[in-house]
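Remarks on the overall topology
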Amino acid sequence: MVVAKAWILKKHFDGFPKTSDFDLKKIELPDLKDGELLLESVFLSVDPYMRIVESKNPTFAVGAFVVGNKGWRTHFISDGKDLQLLPSNWPESLPKSLALGTVGMPGLTAYFGLLEVCKMKPGETVLVNAAAGAVGSVVGQLAKIGGCKVVGCAGSDDKVAYLKKIGFDEAFNYKTVKSLDEALSKASPDGYDCFFDNVGGEFACVAINQMKKYGRIAVCGAISQYNDSVPQKGPYLQLPMILKELQMEGFIVSRWNHRREEGLQALLKWVVEGKVKYHEQVTEGFENMPVAFMGMLKGENLGKAVVKV
Ligand SMILES: NC(=O)C1=CN([C@@H]2O[C@H](COP(=O)(O)OP(=O)(O)OC[C@H]3O[C@@H](n4cnc5c(N)ncnc54)[C@H](OP(=O)(O)O)[C@@H]3O)[C@@H](O)[C@H]2O)C=CC1
Ligand SMILES: CCCCC/C=C\CC(=O)/C=C/C=C/C=C/[C@@H](O)CCCC(=O)O
């Protein structure tokens with residue numbers, strides 16, 4: 001009998017998440033039926049990554065590594081239908097945890113958001129916020145590969161130094177600049193063609209006023225608003241949208257599930273060639289899932305935040 005540990009949400013968040021909102025449970029798992037397999041988490045994120053320890057399903061061999069959306073759990077039984085094997089050409093030398101980050105869902109978000117929503121073109125200027133995080137750090141590097149000028153903002157001087165190291169043309173600490181408006185116009189006096197928005201709220205309002213005519217805004221996330229108890233109010237953006245004829249489009253990465261393999265292969269190739277660099281913020285221990293989660297929301301992570309079980 002395998003006993004799984006699972007983090008459950010005891011109470012819906014009221015404002016910023018608290019340790020007391022989570023509960024660690026033990027769950028006895030039943031024996032496998034034909035067609036099922038038993039998975040053991042190796043790295044976890046919001047999208048857990050697991051190794052198969054027992055299988056009664058001919059498609060999945062014991063020892064194989066898969067990505068699945070199974071919650072914060074050490075073990076899980078699956079019929080295999082919703083699991084993704086790692087690409088078969090995954091190099092032995094590459095950390096498998098990247099399947100949760102640069103060569104996984106966050107990397108795909110950057111890839112499809114830039115290509116399909118921003119429709120970036122060589123010579124354009126791309127702005128990205130939360131730029132030193134899992135999605136943002138890939139956005140900036142893909143935009144450089146695509147021949148763009150890239151401006152990134154992040155919440156510490158160490159993160160800004162990292163952005164410059166991985167090739168961002170301009171980067172600044174949005175928490176310490178005197179004026180966000182001035183910092184954005186100094187970084188690109190002619191404005192921005194593409195804005196990949198991970199943050200929303202006031203940052204987005206200031207940035208949207210600095211878009212060039214016909215600019216495109218990919219609304220990927222709004223992390224500045226996720227923990228608000230009271231919804232934020234304006235300023236309102238209709239005037240710059242009309243006068244500059246902007247396009248603003250929200251998206252969820254799963255829209256391109258049918259092109260997942262294309263995206264993963266492109267990202268894998270760039271990582272192997274050293275054209276896309278990665279950093280992971282690894283927290284040790286399943287017991288520390290809530291700590292890692294809250295730390296990520298507070299900006300303690302550089303690159304993708306993962307938990308090693
Ligand atoms: N649409 C989609 O399909 C998807 C959307 N997303 C979204 O993309 C965004 C980035 O996700 P991900 O890369 O996983 O996370 P990150 O690795 O970027 O971690 C989150 C970062 O957000 C920044 N942040 C937190 N609060 C604020 C704030 N108030 N203002 C500005 N920045 C803040 C912090 O960096 P800093 O130190 O710079 O403040 C923190 O490190 C999120 O909004 C997420 O919801 C992610 C995946 C798919
Ligand atoms: C408090 C409200 C929060 C709203 C956030 C809404 C959107 C932003 C966001 O973060 C969206 C993420 C979507 C992720 C989707 C993932 C799966 O489709 C795939 C996961 C497994 C994988 O393929 O690796």
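A short tour of the structure in this document, coming up. Keep in mind that this is a model prediction, so the values were computed, not measured.

Before going further, it helps to spend a moment on helix 5 (residues 201-208). Here helix 5 lies mainly inside the structure; seven of its eight residues are buried. Along helix 5, the residues classified as buried are Gly201, Phe203, Ala204, Cys205, Val206, Ala207 and Ile208.

What follows deals with helix 1 (residues 105-118). By the largest-angle criterion, Phe112 marks the main kink of helix 1, which is about 25 degrees. Taking burial as the measure, the 14 residues of helix 1 include eleven buried ones, the bulk of the element. Of all the residues in helix 1, the buried ones are Pro106, Gly107, Leu108, Thr109, Ala110, Tyr111, Phe112, Gly113, Leu114, Val117 and Cys118. Just beyond helix 1, the residue with positive phi is Lys119, at close to 50 degrees.

In the vicinity of ligand 2, the contacting residues are Val67, Asn69, Met105, Cys220, Tyr226, Val253, Ser254 and Arg260. When ligand 2 sits alone it has 650 Å² of accessible area, and the protein chains cover 55% of it. Here the residues of the shell around ligand 2 are counted per class, giving five nonpolar, two polar and one charged.

Attention shifts here to the side chain of Ser97. Among the secondary structure elements, Ser97 is positioned in the loop between strand 7 (83-85) and helix 1. On the basis of relative accessible area, Ser97 is assigned to the buried category, the value being 2%. A polar contact is formed between the side chain of Ser97 and the side chain of Glu280, at a distance of 2.7 Å.

Within the open sheet, the six strands sit side by side as 10-9-8-11-12-13. Their pairing is parallel. For this open sheet the edge positions go to strand 10 (170-173) and strand 13 (247-250), each flanked by a neighbour on one side alone. Strand after strand, the sheet turns through a mean of 15 degrees between neighbouring axes, direction not considered. Bridging between strand 11 (residues 192-197) and strand 12 (residues 211-219) involves five bridges; their strand directions are parallel. Among the inter-strand pairings, Phe196 is bridged to a residue of strand 12, identified as Ala218. Taken strand by strand, helix 3 (residues 157-165) contacts strand 9 (149-154) and strand 10, and its axis lies near 175 degrees from that of strand 10. Most of the contacts of helix 5 go to strand 11, to which it runs at about 170 degrees, and overall it touches strand 8 (125-128), strand 9, strand 11, strand 12 and strand 13.

Turning our attention to the pattern of salt bridges. Enumeration over the complete set of coordinates arrives at 16 salt bridges. Residues Glu36 and Lys33 are paired through a salt bridge, measuring 3.9 Å at the closest nitrogen-oxygen approach. A single salt-bridge network, built from bridges that share partners, covers Glu116, Arg259 and Glu262.

Below, the discussion takes up the environment of Pro91. Residue placement: Pro91 occurs in the loop between strand 7 and helix 1. For the pair Pro91 and Val272, spaced 181 residues apart in sequence, the C-alpha to C-alpha distance is 8.3 Å.

Lining the immediate surroundings of ligand 1 are 26 residues, of which Lys159, Tyr174, Tyr226, Val253 and Asn301 lie closest. Interatomic distance of 2.9 Å between a backbone N/O atom of Gly155 and an oxygen atom of ligand 1. A distance of 2.6 Å separates an oxygen atom of ligand 1 from a polar side-chain atom of Asn301. Starting from 920 Å² of accessible surface for ligand 1 in isolation, the protein chains cover 85%. Split into classes, the residues belonging to the shell around ligand 1 amount to 16 nonpolar, nine polar and one charged.

Reading the values: the criteria
Residues numbered from 1 in each chain as written. Chains lettered and ligands numbered in written order. Predicted model: local features only at pLDDT ≥ 70, side-chain atom pairs only at ≥ 80, totals over all residues. Heavy atoms only, no water. Buried < 20%, exposed > 50% of the residue type's maximum accessible area, 1.4 Å probe, protein only. Helix = DSSP H or I, 4+ residues; strand = E, 2+ residues; numbered from the N terminus. Bend = angle between axes of the 7 residues up to and from the residue. Near = heavy atom within 4 Å. Areas by Shrake-Rupley, 256 points an atom, 1.4 Å probe, with all protein chains shown as cover. Nonpolar A, V, L, I, M, F, W, Y, C, P; charged D, E, K, R; others polar. Polar contact = N/O pair within 3.5 Å; in protein donor to acceptor, adjacent residues only side chain to side chain. Pairing = 2+ DSSP bridges. Axes fitted to C-alpha atoms, helices over the stretch in contact; angles between N-to-C directions. Contact = heavy atoms within 4.5 Å. Salt bridge = Lys/Arg side-chain N within 4 Å of Asp/Glu carboxyl O.

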